Amino acid sequence: MVFIKNKKALTHVISIITLALNIIFTFTSNALAASNDITLGCKDATTKTALDFSTLGGVYLSASVPVGTVVAQGNMTLQFKCGLDNIMQYVDGATSEVYFKRIAIPDGTLGYGLTLYTGFNGDMTAEAGSDPTGIIISDWALTAGGSIGTYADVTLTVPYQIIRTSTSMEESSLIGSIGTINNAFSVGSLVSGKDVSFTITNIKKFVTVKDETCSVASDTNQTVSLGSYSTSTSSGLGAGIGETSPSMPFNIQLNCETLLSGSFDVMMQFSGDAVSGLSDIGVLALNAQTSTASGVGVQILNEDQQPVSLATPFGVAAFPLSSALVTVPLYARYYQIADTVSPGSANAVATYTISYQ
């Protein structure tokens, strides 16, 4: 028989996810190529809130959600007005490009090991910087109301991702019950003129913490009976190295939290005292304290009855899950490891580990 024990471990695999994006823009025709030395005067047209975390539908995390998981993503739509703020440059036909300007948000600001990434052309980053948007302004506006000249209306779509970048489960470091970052982003010319700043709000109201990712649904220690067999030199056990007994099915069931945010894999790994040279085909050595037989080991097989490599994780489920109950079908059998088999009791012990990638 084979004894199965359980322990938990956390495995982190950082996956890099690239997000395609679209920029919706409004501009007027320009006489000259846009210059980064030309300043713009910009003002907000609708709201200064770029991202309200309370509208994201909620993010559910446990301590086991792996680093690299994208827990939320979407687009911020910024609407504002811009115009050249120098009449002589306007007369000369100068134009200027609108830039999206990002500040570096300190680690721990969002809480729970989360970091906000933004960017254009697939280049998502959390670092401070200025990104060209491709929106060219050639209009000139003298007054806030545009009574002389006119502002150009601009709509800028900014992709974002909220990614788990550390294993911290500390809450947001922001002061107050809501959690707001003023001046998280701004828009304007590369050489600062009159920029428009935007805010992120309700940061403390979008994460719900769950205690578990997956847990064993039944007894964590399981005994699998492999049966009793007579050896024979003509076929089956006793006939030679590599011969096996019939496979005996068993399964391991997990209860998993279906609400957790993001896409990641549930992994299982078996470990134990492997027969020398046979770890890759999942053959465990007999336990010397409880076994009297010799010449055989115990082999673990997956649901397709293919050998499970010891000390190597394999996928058993993937989030998001449609059902909380995950059943992992497995098989075990005796495997002949010597020219002759001596009768007796034949027991082996394996340990399985659940991790997340």
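Our structure is the block above this text.
Residues numbered from 1 in each chain as written. Predicted model: local features only at pLDDT ≥ 70, side-chain atom pairs only at ≥ 80, totals over all residues. Heavy atoms only, no water.

Student: Describe the nonpolar core, and please don't skip the residues or the numbers.
Tutor: Of all hydrophobic cores here, the largest spans 83 residues; its most connected members are L78, I162, I200 and F270. With seven residues, the single largest contributor to this core is strand β5 (residues 70-84). Non-local contacts of I162, meaning those with residues more than four positions away in its chain, are made with F53, L56, T69, V70, V71, A72, L110, L114, T115, L116 and F206. (Core = buried A, V, L, I, M, F, W, Y, C linked by side-chain atoms within 4.5 Å. Buried < 20%, exposed > 50% of the residue type's maximum accessible area, 1.4 Å probe, protein only. Helix = DSSP H or I, 4+ residues; strand = E, 2+ residues; numbered from the N terminus. Contact = heavy atoms within 4.5 Å.)

Student: Go over the sheet that holds strand β19 (residues 296-301) with me, naming the residues and quoting the values.
Tutor: Here five strands make up an open sheet; going across it, the order is β14-β16-β21-β19-β18 and the pairing antiparallel. The open sheet is flanked by β14 (214-216) and β18 (283-284), the only strands paired with a single partner. Alignment of strand β16 (residues 248-256) against strand β21 (residues 325-336), held across eight bridges, turns out to be antiparallel. If you follow L254 over to β21, its bridge partner there is V326. (Pairing = 2+ DSSP bridges.)

Student: Could you give an account of the environment of S138, naming the residues involved and the relevant values?
Tutor: Along the polypeptide, S138 turns up in the loop between β9 (129-137) and β10 (152-164). Note on S138: relative accessible area 10%, which makes it buried. A sequence separation of 43 residues divides S138 from T95, and the C-alpha atoms of the two residues are 4.7 Å apart.

Student: Residues and numbers for the state of the cysteines, please.
Tutor: Tallied over the entire structure, the rule returns two disulfides. Put simply, C42 and C82 are joined by a disulfide, and their sulfur atoms are 2.0 Å apart. The sign of the S-S torsion, about 110°, decides the handedness of the disulfide formed by C42 and C82: right-handed. With C42 in strand β2 (residues 40-44) and C82 in strand β5, this pair connects stretches of sequence that are 40 residues apart. Disulfide partner of C214: C256, at an S-S distance of 2.0 Å. With the S-S bond torsion at 110°, the cross-link from C214 to C256 turns out right-handed. Of the two residues, C214 sits in strand β14 while C256 sits in strand β16, which places them 42 residues apart along the sequence. For C214, a relative accessible area of 2% gives the class buried. Bonded cysteines in the protein are paired 1-2, 3-4 when counted in the order they occur along the chain. (Disulfide = S-S within 2.5 Å.)

Student: Go over the pattern of salt bridges, please, and point to the residues and values.
Tutor: A full pass over the atoms with the stated rule returns three salt bridges. With a shortest N-O distance of 2.9 Å, D195 and K101 are connected by a salt bridge. A residue pair is termed long-range when its members are at least 10 positions apart, and D195 in the loop between β11 (181-188) and β12 (196-201) and K101 in strand β6 (residues 96-102) qualify at 94 residues. Taking the relative accessible area as the measure of exposure, K101 reaches 10% and is therefore buried. (Salt bridge = Lys/Arg side-chain N within 4 Å of Asp/Glu carboxyl O.)

Student: Tell me what's going on with the side chain of S189, and back it up with residues and numbers.
Tutor: For S189, the position within the fold is in the loop between β11 and β12. Judged by relative accessible area, which is 0%, S189 ranks as buried. A polar atom in the side chain of S189 sits 3.1 Å from the backbone nitrogen of L40. (Polar contact = N/O pair within 3.5 Å; in protein donor to acceptor, adjacent residues only side chain to side chain.)

Student: Tell me about the sheet that holds β2, and name the residues and values.
Tutor: On the basis of which strands lie adjacent, the open sheet formed by five strands has the order β2-β5-β10-β7-β8 and antiparallel pairing. Taken across any chain shown, the strands that pair with only one partner, and hence form the sheet edges, are β2 and β8 (123-125). In this sheet, adjacent strand axes meet at a mean angle of 40° when their direction is disregarded. (Axes fitted to C-alpha atoms, helices over the stretch in contact; angles between N-to-C directions.)

Student: Break down the side chain of E97 for me, with residues and values.
Tutor: Within the element layout of this structure, E97 appears in strand β6. A polar contact is formed between the side chain of E97 and the backbone nitrogen of G134, at a distance of 2.7 Å.

Student: Help me get a handle on the pairing of β6, residues and values and all.
Tutor: Along β6, seven of the seven residues are buried, which leaves the element largely enclosed by surrounding structure. Direction of pairing for β6 relative to β9: antiparallel, over a ladder of six bridges. By the bridge assignment for β9, Y99 is matched with P132. Across four bridges, β6 lies against β11 in antiparallel orientation. Note on β11: the bridge partner recorded for F100 is V187.

Student: An account of the packing of aromatic side chains is needed here, citing residue identities and associated values.
Tutor: A full pass over the atoms with the stated rule returns nine aromatic pairs. Between F264 and Y356, the ring centres sit 6.3 Å apart and the planes meet at 80°, which makes this aromatic pair edge-to-face. Of this pair, F264 sits in strand β17 (residues 264-272) while Y356 sits in strand β22 (residues 348-356); the two residues are 92 residues apart in sequence, bridging distant segments of the chain. The exposure class assigned to Y356 is buried, which follows from its relative accessible area of 2%. Residues F270 and Y352 carry aromatic rings whose centres are separated by 6.2 Å and whose planes lie at 50° to one another, so their mutual orientation is tilted. One end of the pair, F270, is in strand β17; the other, Y352, is in strand β22, and 82 residues separate them in sequence. Each member of the pair, F270 as well as Y352, carries the same accessibility label: buried. Ring pairs connect the aromatic residues F264, F319 and Y356, which therefore count as one cluster. (Phe/Tyr/Trp six-rings, centres within 6.5 Å; stacked < 30°, edge-to-face > 60°.)

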